[in-house]
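If you want the building blocks of each chain, they are given just below.
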Amino acid sequence: MSDVRVRIAPSPSGNLHVGTARTALFNYLYAKKVGGKFVLRIEDTDAERTSQAYIDNIFDSLKALGLNWDEGPDVGGPYGPYTQSERFDIYPKYIQILLEKGFAYECFCTPEELEAEKEEATKNKKAYVYSKKCENLNDIEKDRLRAEGRKPAIRFSVEKATKAFHNSSIIHFDDLVKGDLHQDTNLIGDFVIMKSNGAPTYNFAVVIDDMLMKISHIIRGEDHISNTFKQILIYEALGAEVPRFGHLGMILAPDRSKLSKRHGATAVSEFVEKGYLTDALINFVALLGWAPSDGNEIKTVDEIAQDFRINEVSSSNSIFEYDKLNWMNSQYIKKLDINDLKERLKPFLTKYDLSTMTDEQYTHMVEITRDPLTILSDITDAVSYFFGEDVEVDPEVQTTVLDTEVSQDVLKTFAEQAKDWEWTEENLHEKLEEFRGFYKEKGVKAKVTMWAIRAAVTGRTRGADMVGTLVILGKDKTLHRVAKAIK
Ligand code: GLU
């Protein structure tokens, strides 16, 4: 068995974002390829922004995408609990170790004092770095501050850790995606690892959890690179093995700004509600940074896993092309088995009374309307004319098609003749063929003849196969609509 252990560690302050889905996927692929373990950890230390609904959404979305975790909050595992808020009593022990080793210290600065330091830095046009005012307080000074009622936060001593483990203030690591990355730790500043209320901060809790959960590879967004240098120092200060890190480029909207709600859906569940298939979505998300070696982009997660190499993942940003996702989704819809498709479409048909149709009619309707579907919700509009007695006619269709003399003539003839037709698919094919021929002899193009009938029956000039539509509607409804269209 492989020692590779990766994790996805979402903060439940929102529904699962497609960016997090991509990070989860790349971790999952990395683990699957070598038989490693994929761990889910919920980072809910920010109680105010956390909600159970978001936690449920994260679970459901990951499962829907097929990114099942080997260890996590609901399935457990040897290094749990896997929810940070249930791990609060674990962290103080490691704070103590850092204090004893001299890599951390108590900081009694008030928010006002810190604010004044920041303002001073801004005034001098300098990047803010904590003054380290509290680093060398003696016990008498600390007791005095405590007696004032001040509760200390704990800060990490960046300079001490750097000096203890590195020859220079510039520290490096070999990123799995980006190669050598470095940072001058003089610019980091002693950061808080535990707040005065005893809550661990992200950079500290994440190291303790990753260390205790034996995470070997940490793959995440490049917005975490500056955190990684801090985290490396904490691992070293604790005497722990430093995992390998890999940072992915960001996902940008087509206008190259940060992908956000104003561009369209961003949460996995929003895409699902709109009628994207999770198989298409995960396939698309994989292509945000990864490219198949054979050029064939349509692939299942298992197929992608075969071909996935983290060092070949692009280190630059990826553009979330909604158009490409739409195309991919349409390809996946085309491949769906008819019975599967019938079920998946039902949630988008709730405004219609499906009980007015037999299963055979429903199947037939789906067969003749499925082809142009980009997303499943397109079906709502695509089938509207199959329901109800009357049909809503598009105003432009009314004036440009139904109101013309030739259409009116076609419809009158149709009404007279069709009432005697046997209403079967085969016969309607034949009759319509004859009907078009009849008008052709009078100099009316076949498509003009058909437009008139289609417009009267569906209110539109384009739509599903005409004979199929007439069969599903039945003779009565068809003739009723044609009669209404005649002036
Ligand atoms: N909870 C952090 C986030 O959602 C995890 C970052 C990490 O992977 O370390 O950004």
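Reference entry: report on the structure contained in this document. This structure is a prediction, so every number in the text was calculated from the model and none was measured.

## Looking at the overall build of the chain
Thinking step 1. Helix and strand counts for the chain come out as 21 helices and eleven strands.
Thinking step 2. Taken over C-alpha atoms, the radius of gyration comes to 32 Å for the chain, far larger than the 23 Å a tight globule of 487 residues would show.
Thinking step 3. Each principal axis of the C-alpha distribution contributes one length, and for the chain these read about 105 × 50 × 40 Å.
Thinking step 4. Counting the 487 residues in the chain, one finds 51% classified as buried.

## Describing helix 4 (residues 111-123)
Thinking step 1. Helix length check: helix 4, at 13 residues, gives a terminal C-alpha distance of 18 Å against a target of 18 Å (1.5 Å per residue), a fit within 8%.
Thinking step 2. For helix 4, every residue scored as buried is listed here: Leu 114, Glu 117 and Ala 121. One side of helix 4 holds all its buried residues, which, seen down the axis, span an arc of 55 degrees. Seen from the buried face of helix 4, the exposed residues on the opposite side, beyond 90 degrees, are Pro 111, Glu 112, Glu 119, Thr 122 and Lys 123.
Thinking step 3. On its buried side, helix 4 packs onto strand 4 (153-156).
Thinking step 4. Two residues or fewer after helix 4 comes Lys 125, characterised by a positive phi angle close to 55 degrees.

## Comments concerning the side chain of His 263
Thinking step 1. Tracing the backbone through its elements, the reader meets His 263 in the loop between strand 10 (251-252) and helix 9 (268-274).
Thinking step 2. Here the side chain of His 263 touches Asp 255 through a polar contact of 3.2 Å, side chain to side chain.

## Here's the deal with the environment of Tyr 82
Thinking step 1. Mapped onto the fold, Tyr 82 is located in the loop between helix 2 (52-64) and helix 3 (91-101).
Thinking step 2. Taking the C-alpha atoms as reference points, Tyr 82 and Asp 209, 127 residues apart in sequence, are found 8.7 Å from one another.
Thinking step 3. Apart from residues lying up to four places away in sequence, Tyr 82 is in contact with Val 39, Leu 40, Arg 41, Ile 42, Glu 71, Gly 72, Pro 73, Gly 76, Gly 77 and Met 213.
Thinking step 4. Within polar-contact distance, the side chain of Tyr 82 engages the backbone nitrogen of Tyr 79 at 3.0 Å.

## Considerations on the packing of aromatic side chains
Thinking step 1. Going through the model one piece at a time under the given rule, you end up with 20 aromatic pairs.
Thinking step 2. Taking 6.4 Å as the distance between ring centres and 25 degrees as the angle between the ring planes, the aromatic pair formed by Phe 271 and Tyr 322 counts as stacked. Here Phe 271, found in helix 9, pairs with Tyr 322, found in helix 12 (residues 322-335); they are 51 residues apart in sequence, far enough to count as distant.
Thinking step 3. Look at Tyr 322 and you get buried, because its relative accessible area is 14%.
Thinking step 4. Every member of this aromatic cluster is reached through a ring pair, and the members are Phe 271, Tyr 276, Phe 284, Phe 320 and Tyr 322.
Thinking step 5. Of note, Arg 155 hangs over the ring of Tyr 130, and the distance from its end group to the ring centre comes to 3.7 Å.
Thinking step 6. One cation-aromatic arrangement involves Lys 335 over Tyr 332; the distance from NZ or CZ to the ring centre is 4.6 Å.

## Side note on the sheet that holds strand 3 (residues 104-107)
Thinking step 1. Spatially, 3-4-7 is the arrangement adopted by the three strands of the open sheet, whose pairing is antiparallel. Two strands close off the open sheet at either side, each with one partner strand: strand 3 and strand 7 (192-194). Sheet twist, expressed as the average angle between the axes of neighbouring strands with direction ignored, equals 45 degrees.
Thinking step 2. In this sheet, strand 4 lies alongside strand 3 in antiparallel orientation, the contact comprising four bridges. When the bridges of strand 4 are listed, Glu 106 appears paired with Ile 154.

## Examining the pattern of salt bridges
Thinking step 1. Evaluation of the coordinates by the stated rule reveals 36 salt bridges.
Thinking step 2. One salt bridge connects Asp 209 with Arg 87, and the closest N-O pair in it is separated by 2.7 Å. Here Asp 209 is found in helix 7 (residues 202-212), whereas its partner Arg 87 is found in the loop between helix 2 and helix 3, with 122 residues between them in sequence. For the residue pair Asp 209 and Arg 87, the accessibility class agrees, reading buried in each case.
Thinking step 3. Here Arg 309 ties to Glu 312 by a salt bridge, and the two come within 3.0 Å at their closest N and O atoms.
Thinking step 4. Glu 312 gets classed as partly exposed once you look at its relative accessible area, which sits at 48%.
Thinking step 5. Overlapping salt bridges bring together Arg 7, Arg 41, Glu 43, Arg 87, Asp 209 and Asp 210 as one network.

## What about unusual backbone geometry?
Thinking step 1. Of the consecutive residues Gly 80 and Pro 81, the connecting peptide bond is found in the cis state with omega at 0 degrees.
Thinking step 2. Mapping Pro 81 onto the fold places it in the loop between helix 2 and helix 3.
Thinking step 3. Backbone geometry places Lys 214, a non-glycine residue, at a positive phi of 55 degrees.
Thinking step 4. You can see Lys 214 is positioned in the loop between helix 7 and strand 8 (217-221).
Thinking step 5. Classification of Lys 214 as partly exposed rests on a relative accessible area of 49%.
Thinking step 6. One non-glycine residue with positive phi stands out, namely Arg 256, at about 70 degrees.
Thinking step 7. With respect to the secondary-structure elements, Arg 256 resides in the loop between strand 10 and helix 9.

## Examining helix 17 (residues 405-418)
Three or four residues apart is the spacing at which side chains of an α-helix point the same way, because the helix has 3.6 residues per turn.
Thinking step 1. For helix 17, built from 14 residues, the straight-helix expectation of 20 Å at 1.5 Å per residue is met to within 8% by its first-to-last C-alpha distance of 20 Å.
Thinking step 2. Those residues of helix 17 lying buried are Ser 407, Gln 408, Val 410, Leu 411, Thr 413, Phe 414 and Ala 418.
Thinking step 3. Looking at the packing, one finds that the buried side of helix 17 touches helix 16 (395-402), helix 18 (425-441), helix 19 (446-458) and helix 21 (475-485).

## Some remarks on the packing of helix 17 against helix 18
Thinking step 1. Interaxial distance between helix 17 and helix 18 falls to 12 Å at its minimum, and their mutual angle equals 140 degrees. Comparing their axes, helix 18 and helix 17 come out oblique. The element helix 17 and its partner helix 18 pack so that their crossing is right-handed. Of helix 18, the residues touching helix 17 (which contributes Asp 409, Val 410, Thr 413, Phe 414 and Gln 417) are Leu 432, Phe 435, Phe 438 and Tyr 439.
Thinking step 2. Grouping the amino acids of the contact of helix 17 with helix 18 by side-chain chemistry returns six nonpolar, two polar and one charged.

Procedures and definitions
Residues numbered from 1 in each chain as written. Predicted model: local features only at pLDDT ≥ 70, side-chain atom pairs only at ≥ 80, totals over all residues. Heavy atoms only, no water. Helix = DSSP H or I, 4+ residues; strand = E, 2+ residues; numbered from the N terminus. Rg over C-alpha atoms; globule rule 2.2 N^0.38 Å. Buried < 20%, exposed > 50% of the residue type's maximum accessible area, 1.4 Å probe, protein only. Expected span 1.5 Å × (residues − 1). Arc of directions from axis to C-beta. Contact = heavy atoms within 4.5 Å. Polar contact = N/O pair within 3.5 Å; in protein donor to acceptor, adjacent residues only side chain to side chain. Phe/Tyr/Trp six-rings, centres within 6.5 Å; stacked < 30°, edge-to-face > 60°. Lys NZ or Arg CZ within 6 Å of the ring centre and 35° of its normal. Pairing = 2+ DSSP bridges. Axes fitted to C-alpha atoms, helices over the stretch in contact; angles between N-to-C directions. Salt bridge = Lys/Arg side-chain N within 4 Å of Asp/Glu carboxyl O. Parallel < 35°, antiparallel > 145°, perpendicular 65-115°, else oblique. Left-handed = near helix turned anticlockwise from the far one by under 90°. Nonpolar A, V, L, I, M, F, W, Y, C, P; charged D, E, K, R; others polar.

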